[in-house]
Amino acid sequence: MRATRHRLSLDDERVRAFWRERRVCTLVTIRPDGTPHAVPVGATLDAGAGLVRVITSGGSAKARHVRAAGEAGLPVAVSQVDGRHWVTVEGRAVLKDDAASVADAERRYAERYKPPRANPQRVVIEIAVGRVLGNV
């Protein structure tokens, strides 16, 4: 039997509070050859919608990996750590490039971090949360 002591929920206020703090996250995508690609990112949690959003340039490796997966999405993980406290969100990512999705993600990013610099090539990696693990 698998241990579930690190299984959390988006309904847990400790998870939501941890994700409101200004922290750099790590996004792990999968390259076409199956190897992991891990990069630091700014990420926002929309617990009510069950989504994590990452803004990036459309030509970035992470965006290319997600785009290549198409509508089915790419399995990804986003983690943030502060000492012994950590939360990892696993789910399927899709790429959004429409103006409304980008503007919404930029607004959320500005609330958590700071207003992002202008980038006409910006896209959004939108992750539908499937599992939440951590220690908060």
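This one's a predicted model, so the numbers in the text were calculated from it and none came from an experiment. (Residues numbered from 1 in each chain as written. Predicted model: local features only at pLDDT ≥ 70, side-chain atom pairs only at ≥ 80, totals over all residues. Heavy atoms only, no water.)

1. A look at the overall build of the chain
Rules: Only DSSP runs of H or I with at least four residues qualify as helices, and only runs of E with at least two residues qualify as strands; both kinds are numbered from the N terminus onward. What the globule rule says is 2.2 Å times the number of residues to the power 0.38, and the radius of gyration is computed from C-alpha atoms. Here the term buried applies to any residue with accessible area under 20% of the maximum for its type, exposed to any over 50%, and partly exposed to those in between, with areas from a 1.4 Å probe on protein chains only. Whether two residues are in contact is decided by their heavy atoms, any of which lying within 4.5 Å being enough. Method for areas: the Shrake-Rupley scheme with a 1.4 Å probe, in which residue coverage is limited to the protein chains shown. When charges are counted, Lys and Arg contribute as positive and Asp and Glu as negative, whereas His and the chain ends are disregarded. All charge positions are set by atom: Lys at NZ, Arg at CZ, Asp at CG, Glu at CD.
When helices and strands are counted, the chain shows three helices and eight strands. Across the chain, helices and strands are ordered from the amino to the carboxyl terminus as β-α-β-β-β-β-α-β-β-α-β. Computed over the C-alpha atoms, the radius of gyration of the chain is 14 Å, within 12% of the 14 Å expected from 2.2 N^0.38 for a compact globule of 136 residues. Across the 136 residues that make up the chain, the buried fraction comes to 43%. A separation of at least 24 residues holds for 69% of the contacts in the chain among residues at least 6 apart in sequence. When the accessible surface of the chain is totalled, it reaches about 7500 Å², and 51% of it is carbon and sulfur. Averaged over its 23 positive side-chain charges, the chain has a centre that lies 5 Å from the centre of its 15 negative ones.

2. Structural notes on the environment of Ser57
By secondary structure assignment, the location of Ser57 is in strand 5 (residues 51–57). Sequence spacing of Ser57 and Arg31 is 26 residues, and the spatial spacing of their C-alpha atoms is 17 Å. Setting aside residues up to four positions removed in sequence, Ser57 forms contacts with Ala63, Asn119, Gln121, Arg122 and Val123.

3. Some words on the pairing of strand 3 (residues 36–41)
So the rule is basically this: Two strands are counted as paired when DSSP detects at least two bridges linking them.
Here strand 3 shows a buried face lined by His37, Val39 and Val41 and an unburied face lined by Pro36, Ala38 and Pro40. Connecting strand 2 (residues 25–30) to the next strand, strand 3, in antiparallel fashion are five residues, including Gly34 with a positive phi near 90 degrees.

Remember that the coordinates give geometry; whether it matters functionally is a separate question.
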